Amino acid sequence: MGIELLGGRILAPYFGSSVHIWGSIITVFMLSLSFGYLLGGKLSTKNASLTKYGLIFLVASIMVVPITLFAEPIMEFIFTHIEDSRYGSLLASTALFFIPTIILGMISPYSVRLLVTDSEKSGQVAGILYFVSTLGSALGTIITSFYFVLAFDVNTIISAFALTLGSLGVLAIGVNSFAGNKELAHA
Amino acid sequence: MLKYLLLAASVFSGAAMSEVIHEERSLYRNIIVDETRDLRCLKFNTKSSQTSQSCMYKNDPDKLVFNYTKLTFASLLVTENPKNVLVIGLGGGTLSNVIHELYPGAKIHNVEIDSAVLKVARDYFNFIETDNVTSSVQDGRIFIKRAAIKKQKYDWIILDAFNGDYIPEHLLTKEFFEEVQSVLADGGVIAANTFSSSKLYEHESATYHSVFGDFINVSRANRSNRIILAGIKTMPTQAQLNERAKALESKLKKYDIDINAISNYMQYTKNSQDWPKNTKILTDQYSPANLLNF
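The model shown is predicted, which means the values in this text are computed figures rather than measured ones.

1. Thoughts on the interface of chain B and chain A
Contact residues are listed per partner, giving 15 residues for chain B and 15 residues for chain A. Top element by residues in the side of chain B that touches chain A is helix 5 (residues 140-149) of chain B. It accounts for four residues. Split by residue class, the side of chain B that touches chain A holds eight nonpolar, two polar and five charged.

2. Quick look at the packing of helix 1 (residues 2-15) of chain A against helix 5 (residues 122-151) of chain A
Residue and element names in this part refer to chain A. Put simply, helix 1 and helix 5 touch, their axes get as near as 8 Å, and they point 40° apart. Every residue of helix 5 that contacts helix 1 at Gly 2, Leu 5 and Leu 6 is listed here: Gly 140, Thr 141, Thr 144 and Ser 145. In terms of residue class, the contact of helix 1 with helix 5 is built from two nonpolar, five polar and no charged.

3. Let's talk about the sheet that holds strand 2 (residues 30-36) of chain B
Paired through backbone hydrogen bonds, the strands of a sheet run either parallel or antiparallel to each other. Residue and element names in this part refer to chain B. Across the sheet, which stays open at both edges, the four strands sit in the order 1-2-3-4 with antiparallel pairing between neighbours. Two strands in the sheet have a free side with no partner beyond their single neighbour: strand 1 (18-25) and strand 4 (51-57). Across the sheet, the mean angle separating the axes of adjacent strands is 20° when strand polarity is ignored. Where strand 3 (residues 39-44) meets strand 4, six bridges bridge the pair, whose relative direction is antiparallel. Note on strand 4: the bridge partner recorded for Cys 41 is Cys 55.

4. Concerning the pairing of strand 7 (residues 133-137) of chain B
Sheet topology note: the strand 6 (residues 107-112) of chain B/strand 7 of chain B ladder contains five bridges and is parallel. By the bridge assignment, Glu 112 of chain B is partnered in strand 7 of chain B with Val 137 of chain B.

5. Concerning the environment of Arg 113 of chain A
Residue and element names in this part refer to chain A. Structurally, the position occupied by Arg 113 is in helix 4 (residues 85-115). C-beta crowding within 10 Å serves as the criterion here: with 20 such atoms nearby, Arg 113 is assigned to the buried category. In sequence terms Arg 113 and Ser 44 are 69 residues apart; their C-alpha atoms lie 6.2 Å from each other. When residues no more than four places from it in sequence are discounted, the contact partners of Arg 113 are Ser 44 and Ala 48.

6. Some points on the sheet that holds strand 8 (residues 154-159) of chain B
Residues and elements named next belong to chain B. In spatial order, the strands read 7-6-5-8-9-11-10-12; together these eight strands make up an open sheet with mixed pairing. Unpaired on one side and paired on the other, strand 7 and strand 12 (266-268) mark the two borders of the sheet. Across the sheet, the axes of successive neighbouring strands diverge by a mean angle of 20°, strand direction being ignored. Pairing geometry for strand 9 (residues 184-194) and strand 11 (residues 226-230), over five bridges, is antiparallel. Paired with Asn 193 across the bridge in strand 11 is Ile 227.

About the cut-offs
Residues numbered from 1 in each chain as written. Chains lettered and ligands numbered in written order. Predicted model: local features only at pLDDT ≥ 70, side-chain atom pairs only at ≥ 80, totals over all residues. Contact = placed C-beta atoms within 7 Å. Helix = DSSP H or I, 4+ residues; strand = E, 2+ residues; numbered from the N terminus. Nonpolar A, V, L, I, M, F, W, Y, C, P; charged D, E, K, R; others polar. Axes fitted to C-alpha atoms, helices over the stretch in contact; angles between N-to-C directions. Pairing = 2+ DSSP bridges. Buried ≥ 20, exposed ≤ 12 C-beta atoms within 10 Å, placed from the backbone.

Here it is in structure tokens:
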């Protein structure tokens with residue numbers, strides 16, 4: 001959500017602040033999250049492990065980085081080739097956010113897989129996960145829009161998100177190798 | 001106690017006399033046109049926090065209502081006979097109308113993001129459109145970016161875009177000002193209507209200064225309400241200003257613009273820089289403009 005919110009800021013210089021900018025951003029995020037859920041669920045059926053879970057975080061963190069590096073040339077290119085700022089902004093937000101958001105979307109279903117040990121409790125686990133991830137989204141939104149933008153550059157904030165994701169990934173992989181292959185027992 | 005009674009009475013009577021004659025919900029905001037006796041105003045937002053965007057006297061539509069609109073004409077003291085005028089932010093179309101009357105041969109293009117505002121300007125504020133006076137519904141930043149690609153030039157660019165709070169953040173950054181500068185003709189001027197306070201005032205000034213160098217603040221005692229005149233190469237001397245003002249005086253009188261008085265409100269930042277040197281400039285990466293304006 002933090003990245004989604006900054007998306008508006010990133011696109012504004014090239015595509016303005018008309019309502020269709022938010023239409024583009026929200027569409028792309030929803031679309032890519034939906035694909036991410038599907039892919040994450042599929043992936044979780046094949047030898048689910050904490051290491052793979054950590055890898056998802058790592059890949060997500062790497063995929064977020066291009067937003068800070070290539071946003072300018074990508075938007076410049078789209079701006080000069082597409083006159084209509086509706087389709088321009090849709091294409092730009094696809095180019096910038098589609099892939100990282102798919103990977104972020106994979107995290108939720110994969111978490112369900114790792115946390116459910118008993119099918120009786122699967123609903124409760126899913127509920128807790130929805131709670132945590134949606135609460136996190138709310139906090140990410142408010143902290144980013146109220147405070148982060150006052151103190152930092154947009155790129156700094158996105159790099160910090162990437163770093164956090166990367167650290168979580170490394171942590172997950174690290175924990176897994178310390179704890180041995182306990183998690184694999186469930187696989 | 002008496003003070004509060006009077007205040008309550010004035011609020012009550014003000015409310016009683018003002019009458020909403022048109023209301024419209026656009027994609028961006030609620031637009032209200034209301035009338036208090038002779039005064040018709042275009043307002044944004046809700047009834048509790050209305051901000052007048054544009055007003056006119058119904059019986060004397062030539063006469064300008066707002067001080068800032070009058071101050072904008074200080075531009076004519078630093079540039080002569082504008083031929084290509086660009087106005088970002090239409091409001092009721094007042095500026096465009098007056099400029100068209102002053103310079104019927106000049107091309108004026110108005111850019112307005114909200115089609116409902118354009119409609120209200122046409123229907124309620126006698127917004128004049130001719131072959132020379134045109135308008136487009138677009139985000140101002142995009143219009144200027146495209147104009148730059150087409151190598152268009154304007155010799156008077158008026159920045160007057162406001163949302164409910166203040167100027168949209170992407171129209172207050174160094175990158176945006178550089179784009180504006182690229183469509184400014186030689187000898188032209190940029191006039192920006194601003195009313196920032198405290199911290200934002202400093203960031204705004206520093207950002208203008210970083211792109212345009214020294215500029216002119218046009219404001220009365222209250223410094224937060226000002227017109228910034230930027231993009232000029234040299235500051236005219238007081239004698240030159242007085243001479244220009246004399247020549248314009250009679251033309252501007254019917255709009256209730258006292259150009260002689262206005263020529264005395266002009267401060268060149270070279271002599272009176274009123275923000276700290278190390279103020280952080282606003283960029284596309286860092287532009288919490290609206291959060292700073294408290």
